[in-house]
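Structural features, examined
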Amino acid sequence: AEDKVTRRALYSVGEEPSLHAQLAALISGKSKPESIKGLFYESEVESQYFFINYSGPTQEDKQPFAEVSAIEVLTRRVSPQLLRDKIVLVGTKSHKDAGDFVFTPYSRALFENSKLVAHANIIETLIHNTAIVQTPLFINILMTLVLAVFTTALVLVTTPGRSLALTLAGMLTVFFVSLVLFRLFGLWLFISHSLIGIFSAYYLLVPYRLIIEYKKRWQFQKRNEVLKQVEELKSNFMSLITHDLKTPVARIQGMAEVLSRMGSDTKIVSEIFASTQELNL
């Protein structure tokens, strides 16, 4: 890699296994490449590689492996029990030679990550068969499509504010699920494609959703305006009808009063008055 970080290790060149692979095979008994997970082939160099699963920090004061100096061994200041049933890696670690140190995912500082610690992690990864496994390309494509479709449904069905919150929650969920799978099972998901798919679906569909909402609001406003016009016509019509009816009703009432004074049938006159009162109401 361009950042010089040690992430992968050589398993075999052609048909010949590396020293790490031979040593791990003697200890674990897994000598066949097909029994080692996470291997991938590089055709340009005709070699097999695997991604190192670091057991912990690699910094000098944090690495999990026991470390003793040759002087302590020669002067017998180291208990034999410390080395019993252990794999011992012998090498130099001089802070004057940058070749004794490497960069790891835990640190990219100079003279901090011993190359011996990297070799120890390589051997431990092979012995326990815990190499990092990359997910196949079709799984990444399928996951991206599913998440993009799910985001599309959220944007089209829910409100803009809720869809934004759920989209952000979905992106965080993808990130944390991939982190858990990587830490617990050594499974490497390429979440960049999924996150880009979610963002693209949201970014492209939000304007479309806003256009739909604008059309609905415009239709509602037009409908409201039509209803107001109908209500106004109705009020004007009722006012005209009421005005046109008041004059004939007043004449009928006047004629009924004249008939009452002339001594006409009281029953008929009272019915005329009652009818005109109903029309006034």
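The preceding data block contains the structure.
A brief look at the structure comes next. Every chain is numbered on its own, with residues counted from 1 as its sequence reads. Since the coordinates come from a predicted model, pLDDT governs what is reported: local features require at least 70, and pairs of side-chain atoms require 80 or more to be given and counted, while whole-chain, interface and lining totals use all residues. Side-chain descriptors were evaluated using all non-hydrogen atoms of the structure, hydrogens and water having been removed beforehand.

Remarks on the pairing of strand 4 (residues 47–51)
The two faces of a sheet get side chains in turn, since along a regular strand they alternate between them. Quick note on the threshold: Here's how the labels work: a residue is buried when its accessible area is under 20% of the maximum for its type, exposed when over 50%, partly exposed in between, all with a 1.4 Å probe on protein chains only. In this text, helices come from DSSP runs of H or I with a minimum length of four residues, and strands from runs of E with a minimum of two, each type numbered from the N-terminal end. Only strands joined by at least two bridges in the DSSP assignment are considered to pair.
Within strand 4, 4 of the 5 residues are buried, which leaves it mostly tucked inside the rest of the structure. Note that strand 1 (residues 8–13) and strand 4 share 5 bridges and pair antiparallel. When the bridges of strand 4 are listed, Ala-9 appears paired with Phe-50. Of the strand pairs in this sheet, strand 3 (residues 40–42) and strand 4 are connected by 3 bridges, and their pairing is antiparallel.

A word on the packing of aromatic side chains
We describe a pair of aromatic rings using the distance from one ring centre to the other and the angle between the two ring planes. Going by this rule: Aromatic contacts are taken between Phe, Tyr and Trp rings whose centres are within 6.5 Å, Trp giving its six-membered ring; a plane angle under 30 degrees counts as stacked, one over 60 as edge-to-face, and the others as tilted. In our convention, an over-ring charge means Lys NZ or Arg CZ found within 6 Å of a ring centre and within 35 degrees of that ring's normal.
For the structure shown, the criterion picks out 9 aromatic pairs. When the ring of Phe-101 is compared with that of Phe-111, the centres are 5.5 Å apart and the planes differ by 75°; the resulting orientation is edge-to-face. Here Phe-111 lies in the loop between helix 3 (80–83) and helix 4 (115–128) and Phe-101 lies in the loop between helix 3 and helix 4, a separation of 10 residues in the sequence. One aromatic cluster in this structure is built from Phe-40, Tyr-49, Phe-51, Trp-188 and Phe-190. The side chain of Arg-8 reaches across the aromatic face of Tyr-49, ending 4.4 Å from its centre.

Quick look at the packing of helix 5 (residues 137–157) against helix 6 (residues 160–185)
Formally: In this analysis an axis means a line fitted to C-alpha atoms, helices contributing only their contacting stretch, and an angle means the value between N-to-C directions, from 0 to 180 degrees. Angle categories: roughly parallel below 35 degrees, roughly antiparallel above 145, roughly perpendicular from 65 to 115, and oblique for all the rest. If you view the pair so one helix is near and one far, a crossing is left-handed when the near helix is turned anticlockwise from the far one by less than a right angle, and right-handed when it is turned clockwise. In this description, contact between two residues means that some pair of their heavy atoms is separated by no more than 4.5 Å. Throughout this entry, Asp, Glu, Lys and Arg are counted as charged residues, while Ala, Val, Leu, Ile, Met, Phe, Trp, Tyr, Cys and Pro are counted as nonpolar. The remaining residues, Gly among them, count as polar.
Their axes nearest at 9 Å, the elements helix 5 and helix 6 cross at an angle of 160°. Comparing the axis directions of helix 5 and helix 6 gives the class roughly antiparallel. Considering the relative orientation of helix 5 and helix 6, their crossing is right-handed. Of the residues in helix 6, those in contact with Leu-147, Thr-151, Leu-154 and Val-155 of helix 5 are Ser-163, Leu-166, Thr-167 and Val-174. Looking at the contact of helix 5 with helix 6 residue by residue, the classes come out as 5 nonpolar, 3 polar and no charged.

Brief notes about the nonpolar core
Cut-off, in case you're wondering: Here, the term nonpolar core denotes a set of buried Ala, Val, Leu, Ile, Met, Phe, Trp, Tyr and Cys residues that are joined through side-chain atoms within 4.5 Å.
The biggest cluster of nonpolar side chains holds 13 residues, and the ones touching the most others in it are Ala-9, Tyr-11, Phe-50, Ile-52, Ile-122 and Leu-126. For this core, the elements supplying multiple residues, two or more each, are strand 1, helix 1 (19–28) and helix 4. Per-element accounting of this core gives the leading share, 4 residues, to helix 4. The contact partners of Leu-126, leaving out residues within four places of it in the chain, are Tyr-11, His-20, Ala-21, Ala-24, Ser-28, Ile-36 and Phe-50.

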